[in-house]
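# Secondary and tertiary structure notes
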Amino acid sequence: MRPPVSDADLSQCEREPIHLLGGIQPHGVLLAFSEPDLTLRLVSANTEAWLGRPPQALLGRPLAEVLHSSSLVLLTRALSQPVNGALRLEAAGRFFMGLLHRSDGLAVLELEPIEADFSEEEALGMVDLLLSPLARAQGPLGLLQAAAEAVRALTSFDRVMVYRFDVDWHGEVVAESRDEAMDGFLGLHFPASDIPAQARALYTRHTLRLIADARAAPVSLVPSVMSSLGRPLDLSGAALRSVSPVHLEYLANMGVGASMSISVLRDGRLWGLIACHHRTPLLVPAATRRACDVLSRLVSLQLAAEERASVSAELARRAHLQTRLVERLSEQAGTLPSALSREADLLLGITGAGGAALLLGEAPVLLGATPSSKDVVELAAWLAGQHFDGTFHAERLGRLHPPAAEYADVASGLLAVLLDAVTPRFVLWFRPEVARTVTWAGNPQKPVVSGPGASHLHPRASFAAWQEIVRGASSPWTPEDVAAAVGFREALVGVLLRHAVALARSNVELDAFSGTVAHDLKEPLRGIQQYAGFLLEDYGEQLGEDGRRQLEEVRWLAGRTQGQMDALFEYSRAGRVELAWGEVDMQGLVEDVLLTVSARLQENQVEVRTPRPLPRVECDGVRIQQVWANLLTNAAKYHQTGGPRWVELGFYGPGEPLSSPARRRPDEYVFYVRDNGIGIAERFHEDIFEMFRRLHPAHSYGGGSGAGLTIARRLVRLHGGELWVESSPGQGSTFYFTLGERPR
């Protein structure tokens, strides 16, 4: 069994010098001459058959000895023009179609015999044959099918296919007209190696290529090597250029005796080919070939027009969705993430995604089918390290970011727009894996096979349909998808600015309201507490037990209301505080906090454990002191009766294993407060961070406003970090928090 052909072997095909093969096809003759003396310096070896004089009799002689005088005038005039077309020239008593170009410092003239002249009526008939089917065609595929049929009717090839390249230069036959005796390739795919890079480059530069007889021996050039260059003449621009032996063997394996390829270009780039095959040799007249070339240009123009119309309609549809989305976001109250969550269908619709994630500074907001919050955070951290111009898209995300292979079912495809490079903040859209079956013309894993020599390759001999299931890729993101994402980013910036203005206005109003409340409400609450105390002191005996209990409740409620107001003011201020970053000794800071809450710890008989000294980190020490105080106070409060009570303060350093997924950077410290208290059911792990949310009656576990954890999380997030809990009933709780990087 032969070993598989490696990528290194395939590179031989890519490097084959198909423009330096040193020969031409035999259905014409080639003359190369110097300027301005028009002296022949190189000719093809078949000049005697076509021009009546052998090569050696022509070399060094003036071109005037070959061309008729009138044709020499036409040629001289053509040499002065920047673009040279086909010329009708007379030589040796017969007419030729002449093609002129320059190469390696010489003017190169190719001559093909004209067997018969087209009459005006025949020319008009050819134009009608070309244009009528195109005018009747509906849609891109209909247009391509009409083009295939028109070329076949014009040229008499047995099979004409339209072959479209994809982004990886693999190709698919999207239209076909054929003789019933010929194999059909419609819908089949061909690997990129079938048309290597240097061949595609020539197809781009020269849009028509005829191989009139795939079995004919090539005609050599005289001289075979140019002495000034040490190599054959560069025939990149020659229509008669001989054919690579590998390609001739490829055609023979397909049972093809003649072929013609017409390039379809879009914006100067190779879009596809009109590929023609015939079982026997077939010489297509030069005039017919030119007509086919014109047809290809017309097809390209019509495809471009239809695509522009389709793109315009699609962009208009996306713009309408985006306008509706922005209008609704601007009208809705509440936070921007919550507003976007309510408009998930519109957000997904503008890019045709199955899911989206919003990273706007806090925990990611997930919409539709997405990876987990942990995976999204890790993905955003990876994206932040990539270099791109504001938008990023991939259909095979798992190849670029290996962890994504685990959630390919929801996110094989990623489209990301960067909102803020400093934080960073993103909007991410996801598409699931789309497993599809691709039918190839032969096994694409074996486009060539090893020959008897160590370095000789042969093209595959079988073109039987070969199916492959392609996995790990989403449907591709189109330019319209990317444009819609960019448009949404720009619109979102406008919404964010409006929200910022509204927030600034409401902050001013809140400050004014706070002053009013402090003056108008806090004093009456103190009065209620004081008068309730006076009544209990002066008339307690007369009120009886029920009266005293009710009056104590009034005093307690007034105190609780005042505490909630103080907490609300503190929470409001926490959202607008400017952090004073600096290097902080976290161990010293925690020791200060322990002194502050020591009375509560002693009252509840709580032992404090510190397994090792805490590190020095950068943060706002005053604000993080509040975080530790809130967490320690909570840990001291929520304990079961009986048994030892303890609280442990510690950290996980960079690289140390941690069960929780919230670590975002490899160099990050994760601090914790752990206790052996009553614990919290998992369904309440987020509820406890809501403002004034308590899971127990107001009087139990020492009371409290229910705002401490809310304020603590807000202060941590202001640092760019996160605060979360791991807990279960009866098993105690561990509160973790991280700190982001100091702004630079």
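Attention in this report is confined to the structure presented alongside it. The shown structure was predicted, so the numbers you read here are calculated from the model rather than taken from an experiment. (Residues numbered from 1 in each chain as written. Predicted model: local features only at pLDDT ≥ 70, side-chain atom pairs only at ≥ 80, totals over all residues. Heavy atoms only, no water.)

With that settled, the discussion passes to the overall build of the chain. The helix and strand tally for the chain stands at 20 helices and 29 strands. Expressed as a percentage of the 744 residues in the chain, the buried residues total 47%. Within the chain, contacts between residues separated by at least 24 positions form 66% of all contacts whose residues are at least 6 apart in sequence. In the structure as shown, the chain presents an accessible area of about 36,400 Å², 54% of it carried by carbon and sulfur atoms. (Helix = DSSP H or I, 4+ residues; strand = E, 2+ residues; numbered from the N terminus. Buried < 20%, exposed > 50% of the residue type's maximum accessible area, 1.4 Å probe, protein only. Contact = heavy atoms within 4.5 Å. Areas by Shrake-Rupley, 256 points an atom, 1.4 Å probe, with all protein chains shown as cover.)

Further remarks concern the nonpolar core. Grouped burial of nonpolar side chains is what soluble globular proteins tend to show. Of all hydrophobic cores here, the largest spans 37 residues; its most connected members are Met586, Trp628, Phe671 and Phe737. For this core, the secondary structure elements donating two or more residues are helix 17 (586–596), strand 25 (616–619), helix 19 (621–637), strand 26 (645–652), strand 27 (670–675), helix 20 (708–718), strand 28 (723–727) and strand 29 (733–738). Considering each element in turn, this core owes the most residues, 7 residues, to helix 19. Every residue in contact with Phe671, bar those within four places of it in the chain, is listed here: Met586, Leu614, Pro615, Val617, Trp628, Gly650, Phe651, Phe735, Tyr736, Phe737 and Leu739. (Core = buried A, V, L, I, M, F, W, Y, C linked by side-chain atoms within 4.5 Å.)

This brings us to the packing of helix 17 against helix 19. In contact at an axis separation of 9 Å, helix 17 and helix 19 are set at 50 degrees when each is read in the N-to-C sense. By the angle between their axes, helix 17 is oblique relative to helix 19. For the pair helix 17 and helix 19, the sense of crossing is right-handed. For the pair helix 17 and helix 19, the contacting residues are Met586, Leu589, Val590, Asp592, Val593 and Leu594 in the first and Gly621, Ile624, Gln625, Trp628, Ala629 and Leu632 in the second. Counted by class, the contact of helix 17 with helix 19 contains 9 nonpolar, 2 polar and 1 charged residues. (Axes fitted to C-alpha atoms, helices over the stretch in contact; angles between N-to-C directions. Parallel < 35°, antiparallel > 145°, perpendicular 65-115°, else oblique. Left-handed = near helix turned anticlockwise from the far one by under 90°. Nonpolar A, V, L, I, M, F, W, Y, C, P; charged D, E, K, R; others polar.)

By the definition in use, this model includes 21 salt bridges. Salt-bridge contacts for Glu65 lead to Arg53; the nearest nitrogen and oxygen are separated by 3.2 Å. Taken as a pair, Glu65 in the loop between helix 3 (55–58) and helix 4 (69–79) and Arg53 in the loop between helix 2 (47–51) and helix 3 lie far apart in primary sequence, 12 residues in all. Linking Asp375 and Lys374 is a salt bridge whose minimum nitrogen-to-oxygen distance equals 4.0 Å. Using a relative accessible area of 34% as the deciding quantity, one classes Lys374 as partly exposed. In the salt-bridge network here, residues are joined through shared partners; they are Glu686, Arg713, Arg717 and Glu722. (Salt bridge = Lys/Arg side-chain N within 4 Å of Asp/Glu carboxyl O.)

Helix 20 packs onto helix 19 with a crossing angle of 145 degrees between their chain directions and a minimal axis gap of 9 Å. Crossing of helix 19 over helix 20 shows left-handed handedness. Within the contact between the two elements, helix 19 uses Arg623, Gln626, Val627, Asn630, Leu631 and Asn634 and helix 20 uses Gly708, Leu709, Ala712, Leu715 and Val716. Of the residues in the contact of helix 19 with helix 20, the class split is 6 nonpolar, 4 polar and 1 charged.

Two numbers describe a pair of aromatic rings. These are the distance of the centres and the angle of the planes. Applying the stated criterion to the full structure yields 14 aromatic pairs. For the pair Tyr652 and Tyr736, a centre-to-centre distance of 6.4 Å together with 40 degrees between the ring planes defines the contact as tilted. Residue Tyr652 is found in strand 26, and its partner Tyr736 is found in strand 29; the two are separated by 84 residues along the sequence. In this structure an aromatic cluster arises from ring pairing among Trp628, Phe651, Tyr669, Phe671 and Phe737. Positioned above the aromatic ring of Phe95, the side-chain terminus of Arg88 is 4.1 Å from the ring centre. Geometry around Phe651 places Arg612 over its ring, the cationic atom sitting 3.9 Å from the centre. (Phe/Tyr/Trp six-rings, centres within 6.5 Å; stacked < 30°, edge-to-face > 60°. Lys NZ or Arg CZ within 6 Å of the ring centre and 35° of its normal.)

This next bit is on the pairing of strand 12 (residues 258–266). In terms of burial, strand 12 is a largely internal element, 8 of the 9 residues being buried. Pairing of strand 10 (residues 208–211) with strand 12, which is carried by 4 bridges, proceeds in the antiparallel orientation. In the strand pairing of strand 12, Leu208 is matched with Ile262. (Pairing = 2+ DSSP bridges.)

The distance from a side-chain oxygen at the start of helix 8 (residues 245–253) to the backbone nitrogen of Val246 is 3.2 Å, and the residue carrying that oxygen is Ser244. At the exit of helix 8 stands Gly255, carrying a positive phi of roughly 75 degrees. (Polar contact = N/O pair within 3.5 Å; in protein donor to acceptor, adjacent residues only side chain to side chain.)

The 7 strands lie next to each other as 1-11-3-2-6-5-4, forming an open sheet whose pairing is antiparallel. Both edges of this open sheet fall to strand 1 (23–24) and strand 4 (86–91), since each of them pairs with a single strand only. Bridge analysis of strand 5 (residues 94–103) against strand 6 (residues 106–113) gives 8 bridges, and the strand direction is antiparallel. Residue pairing across strands places Leu100 opposite Leu109, the latter belonging to strand 6. Running at roughly 150 degrees to strand 4, helix 4 makes contact with strand 2 (29–33), strand 4, strand 5 and strand 6 of the sheet.

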